[in-house]
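Chain by chain, the residues:
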Amino acid sequence: MPRVILQIDVSADAFAAYYRGTASRVLVTAADGQRISLPANLLRPYLQTDGVHGRFELLYQADGKLISLNLLAR
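Note that the structure is a prediction, hence the values are computed from the model and not measured.

Observations regarding the environment of leucine 69
And step 1. Looking at the secondary structure, you find leucine 69 in strand E5 (residues 66-73).
And step 2. Of the residues examined, leucine 69 reaches a relative accessible area of 9% and is grouped as buried.

Below you can see the structure in the form of structure tokens.
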């Protein structure tokens, strides 16, 4: 199963746009340079008072369907 390592740093102010409904996706850059668009709701479990910050592992199927997003380190 393919995987991508992501460093995600979204401030609390920036994440507020997702709660207001003005944005529904987060654009992140993977460690290998790929740009990946994720549904913002995937990051909600990781939201802290300062936003979403950490190193994540994104697992997906060969056809591109998401399997899971896991926090590796904050």
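What about the packing of aromatic side chains?
And step 1. With the rule as written, the count across this model stands at three aromatic pairs.
And step 2. A ring pair is formed by phenylalanine 15 and tyrosine 19, whose centres lie 5.6 Å apart and whose planes are at 65 degrees; its orientation type is edge-to-face. One end of the pair is phenylalanine 15 and the other is tyrosine 19, both in helix H1 (residues 12-20) and four residues apart, which spans about a single turn.
And step 3. The exposure class of phenylalanine 15 is buried, given its relative accessible area of 1%.
And step 4. Pairing tyrosine 46 with phenylalanine 56 gives two aromatic rings, centres 5.0 Å apart and planes at 75 degrees, and the pair type is edge-to-face.

Focus: H1
And step 1. Along H1, the residues classified as buried are Phe15, Ala17 and Tyr18. Along the axis of H1, the buried residues cluster in a sector spanning 135 degrees; they form a single face. In H1, the exposed residues that point more than 90 degrees away from the buried face are Asp13 and Arg20.
And step 2. Glycine 21 sits one or two residues past H1 and shows a positive phi near 90 degrees.

How each quantity is defined
Within every chain, residues take consecutive numbers counted from 1 along the sequence as written. Predicted model: local features are reported for residues with pLDDT of at least 70 only, side-chain atom pairs are reported and counted for 80 or more only, and whole-chain, interface and lining totals are derived from all residues. Where side-chain values are given, they derive from all heavy atoms of the structure, hydrogens and water being excluded. Note on conventions: DSSP H or I runs of at least 4 residues are helices, E runs of at least 2 residues are strands, and numbering of each starts at the N terminus. Partly exposed describes any residue whose relative accessible area lies between the buried limit of under 20% and the exposed limit of over 50%, with all areas from a 1.4 Å probe on protein chains only and scaled to the type maximum. Pairing of aromatic side chains here covers Phe, Tyr and the six-membered ring of Trp, requires ring centres within 6.5 Å, and sorts the geometry by plane angle: under 30 degrees stacked, over 60 edge-to-face, intermediate tilted. When we speak of the arc, we mean the arc of directions from the helix axis to the C-beta atoms.

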